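What follows is the residue order along each chain.
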Amino acid sequence: MAQFFKLYTIISLVAAISLGFPQYASLAGLSERNLETILPTLQAQNAHPPPSELNDTSVKLVNDKEHPWMPL
C-alpha cells in the first residue's frame, strides 16, 4: 500500500509540474482561421540592448609576473 501511495504521489507531482508551465509552440501548421484569431493578440517587442562592460574588473584574469599565463 505504501508503494502505491509513493507512486501516486510521484505521478501527481509530475502531472502538476507539467501542467503548470505553458507550452510555447510554433505557429506553423495552424490553419488560416486560427492565425487570423491569434495574430492580432500578439504584441511585438524590441530586443533589450546588450549589457555594458563591467565596471568592477576584479574578477578578470590577469597576466603579470605574479600570475603568468601558462599554455594548457
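Each remark here, short or long, concerns the structure printed above.
Attention in this report is confined to the structure presented alongside it.

Calculation criteria
Residues numbered from 1 in each chain as written. Predicted model: local features only at pLDDT ≥ 70, side-chain atom pairs only at ≥ 80, totals over all residues. Heavy atoms only, no water. Helix = DSSP H or I, 4+ residues; strand = E, 2+ residues; numbered from the N terminus. Buried < 20%, exposed > 50% of the residue type's maximum accessible area, 1.4 Å probe, protein only. Areas by Shrake-Rupley, 256 points an atom, 1.4 Å probe, with all protein chains shown as cover. Patch = residues over 30% accessible without salt bridge, like charges linked within 9 Å, V, L, I, M, F, W, Y side chains within 5 Å. Salt bridge = Lys/Arg side-chain N within 4 Å of Asp/Glu carboxyl O. Phe/Tyr/Trp six-rings, centres within 6.5 Å; stacked < 30°, edge-to-face > 60°.

For the rest of this paragraph, the subject is the overall build of the chain. Broken down by element type, the chain carries 2 helices and 0 strands. The buried share of the chain, taken over its 72 residues, is 0%. With the model as given, the accessible surface of the chain reaches about 8000 Å², and the carbon-plus-sulfur share is 63%.

On to a nonpolar patch on the surface, then. On the surface, a cluster of nonpolar side chains totalling about 320 Å² of accessible area is made up of Leu 27, Leu 30, Leu 39 and Leu 42. Counting through the fold element by element, Leu 30 comes out in the loop between helix H1 (2–20) and helix H2 (32–38).

In this structure the tally under the stated criterion is 1 aromatic pair. Aromatic side chains Phe 4 and Tyr 8 sit 6.4 Å apart centroid to centroid with 25° between the ring planes, which places their arrangement in the stacked category. One end of the pair, Phe 4, and the other, Tyr 8, are both in helix H1, 4 residues apart, so they sit about a helical turn from each other. Tyr 8 matches Phe 4 in its accessibility class, with the two residues each being exposed.

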